[in-house]
Amino acid sequence: MKILITGAKGMLAKAVINKLKDENQLICTDSQELDITDKNMVMEYVEKEKPEYIINCAAYTAVDKAEEEEELAEKVNSEGPKNLAIAAGKYNCILVHISTDYVFNGDLDINKTYKENDKTMPVTVYGKTKKQGEDNIIQNSSKYYILRTAWLYGEGNNFVRTMLKLSKEKEELNVVNDQHGSPTYTEDLASIIKQIIDKKIPYGIYHTTNIGYTTWFDFTKKIFELSNISCKVNPVTSEEFVRPAKRPKNSKLSKDKILEEGITIPDWEDGLKRYLIAENVIS
Ligand SMILES: NC(=O)c1ccc[n+]([C@@H]2O[C@H](COP(=O)([O-])OP(=O)(O)OC[C@H]3O[C@@H](n4cnc5c(N)ncnc54)[C@H](OP(=O)(O)O)[C@@H]3O)[C@@H](O)[C@H]2O)c1
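Residues numbered from 1 in each chain as written. Predicted model: local features only at pLDDT ≥ 70, side-chain atom pairs only at ≥ 80, totals over all residues.

Let's shift gears to the sheet that holds strand S2 (residues 25-28). The parallel open sheet is built from six strands, whose spatial order is S2-S1-S3-S4-S5-S10. Of all the strands in the sheet, the pair left with one neighbour each is S2 and strand S10 (204-207). Strand-to-strand twist across the sheet, computed as the mean angle between neighbouring axes with direction ignored, equals 20 degrees. Where strand S3 (residues 53-56) lies against strand S4 (residues 94-100), four bridges are found, and the strand directions are parallel. For Ile 54, the partnering residue across the bridge sits in S4 and is Leu 95. Against the sheet, helix H4 (residues 125-140) contacts S4 and strand S5 (144-149), and its axis sits at roughly 160 degrees relative to S4. (Pairing = 2+ DSSP bridges. Helix = DSSP H or I, 4+ residues; strand = E, 2+ residues; numbered from the N terminus. Axes fitted to C-alpha atoms, helices over the stretch in contact; angles between N-to-C directions. Contact = placed C-beta atoms within 7 Å.)

This is the structure we're talking about:
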C-alpha cells in the first residue's frame, strides 16, 4: 500500500512510520517537503504520488502558545486538513486525520465519557482550530477517519519524560488531580491506525486513546511506582496550576465505537510499562 505521511518528524508520526514501514511503501514528508498549508503544494504532491492513504500527523500542537498565535494555529490545524481533504477527494485517497479531546469543553459530568457524536464545544484556540479542521475534512471529502486522541506520549519530549527529569531535580512535585483522561502511547495509537487500515472499518470519527482513565496526579504516581522513584507527588487543583489555555477537566473519550469494530487497544498502564522499557527506564 502506498501511504503518504505528513509531519513525519513529529512524535506520533515516528511511531506510525515504525509500525507501517515493513508492509507498505511510505512517503514520509516533513514540513519543508510538504507544507500542508500550501494548497498548490499539497495538490501537486498528491497528484504526483497518488497514495492510497494520507495519514496527517502534521499539526500545530503548542496548546498554550496557540492562544497568541491563532492565525498560524488556524492555518496548520484548519486550512491544512482542508487542503488534504480536497486533494484526497480529487485523487481518491483515504484520509486518516488525528484530532483531539480539546474539541470538547471538558465540563461533562466526570462519571460520564464523551461519545463521538456528542456536541463539541472547544474553548481554547488549539481546540477551536482542531474542530475547524475536522469540519473541513467532513465538508471536503467522504473517505476519512478522524481519530480523536489525548494525552499522547512516545519518542521525544512528553509528559512522562518531563516527570522523570523533574523527579531527579526536586524532592516533591505538585500535579493536577482534577483533570481526567487516558494517557496514550504513540505505539498503541499507531497500532490502532494499522488495524483500521487492515480491517477497512467504516469511515467516520473515532475516539482512539488507550483504554482506562486516570488523572495527571495518578498517572505521575504510576510512572514513579513503575520506575522505582521515591519523589513525593502532591495533588493540586487546576485553579492552583493556571495555564494560558484552559485544560478540559473531563477528557474521558469513550472507546465503545472503535472497540465495536474489533480493534484491540491495550490499557494505559500496559502502554506505560512498554514505554518505560523502550526508554530503558525499567527492564
Ligand atoms: N501530543 C498530544 O498530547 C496530543 C493530544 C491529542 C491530540 N494530538 C494530535 O495528535 C497529532 C500528532 O501530535 P504530535 O504530538 O505527534 O505532534 P508534534 O510532535 O508536535 O508533531 C507535529 C508535526 O507537525 C509538523 N508540522 C507543523 N506545521 C506543519 C505544516 N504546515 N506542514 C507540515 N507539517 C507541519 C511539525 O513539523 P515542524 O516541527 O517542522 O513544524 C511536527 O513535526 C496532532 O494532530 C495533534 O493535534 C496530540
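What follows is about helix H2 (residues 39-49). Of all the positions in H2, only Val 42, Tyr 45 and Val 46 are classed as buried. Seen along its axis, H2 keeps its buried residues to an arc of 95 degrees; they face one direction. Across H2 from its buried face, at more than 90 degrees, point the exposed residues Asn 40, Glu 47 and Lys 48. Next to the buried residues of H2 lie helix H3 (70-90). Residue Lys 50 follows H2 closely and has a positive phi angle near 40 degrees. (Buried ≥ 20, exposed ≤ 12 C-beta atoms within 10 Å, placed from the backbone. Arc of directions from axis to C-beta.)

This next bit is on the environment of Ile 17. Assignment of secondary structure puts Ile 17 in helix H1 (residues 11-20). The partly exposed category is assigned to Ile 17, around which 19 C-beta atoms lie within 10 Å. Counting along the chain gives 173 residues from Ile 17 to Ala 190, while the straight-line C-alpha distance between them is 8.3 Å.

This part is about the site of the ligand. Around the ligand there are 25 residues in total, and Gly 7, Gly 10, Leu 12, Ala 58 and Ala 59 lie nearest to it. Residues of the shell around the ligand, tallied by class, amount to twelve nonpolar, nine polar and four charged. (Near = placed C-beta within 6 Å. Nonpolar A, V, L, I, M, F, W, Y, C, P; charged D, E, K, R; others polar.)

Here the focus is the packing of helix H7 (residues 216-227) against helix H9 (residues 268-278). Contact geometry for H7 and H9: axes closest at 11 Å, N-to-C directions at 50 degrees. Judged by the angle between their axes, H7 and H9 are oblique. Our pair here, H7 against H9, has a crossing hand that is right-handed. Contact residues: H7 offers Lys 222, Ile 223, Leu 226 and Ser 227, while H9 offers Glu 269, Leu 272, Lys 273 and Leu 276. Here the contact of H7 with H9 is built from residues that sort into four nonpolar, one polar and three charged. (Parallel < 35°, antiparallel > 145°, perpendicular 65-115°, else oblique. Left-handed = near helix turned anticlockwise from the far one by under 90°.)

Before going further, it helps to examine the nonpolar core. Counting 74 residues, the largest nonpolar core has Ile 5, Val 16, Ile 54, Ile 55, Leu 95, Val 96 and Ile 193 as the members making the most contacts within it. When neighbours within four sequence positions are excluded, Ile 55 is seen to be in contact with Ile 3, Ile 5, Val 16, Val 96 and Ile 193. (Core = buried A, V, L, I, M, F, W, Y, C linked by C-beta atoms within 7 Å.)

Here we take up the pairing of S2. On S2, burial follows the alternation: Leu 26 and Cys 28 on one face are buried, whereas Gln 25 and Ile 27 on the facing-out side are not. Alignment of strand S1 (residues 2-6) against S2, held across four bridges, turns out to be parallel. Counterpart to Leu 4 in the pairing with S2 is Ile 27. Of the crossover connections in this fold, the one passing from S1 over H1 to the parallel S2 is right-handed. (Right-handed = clockwise from strand over helix to strand, strands pointing away.)

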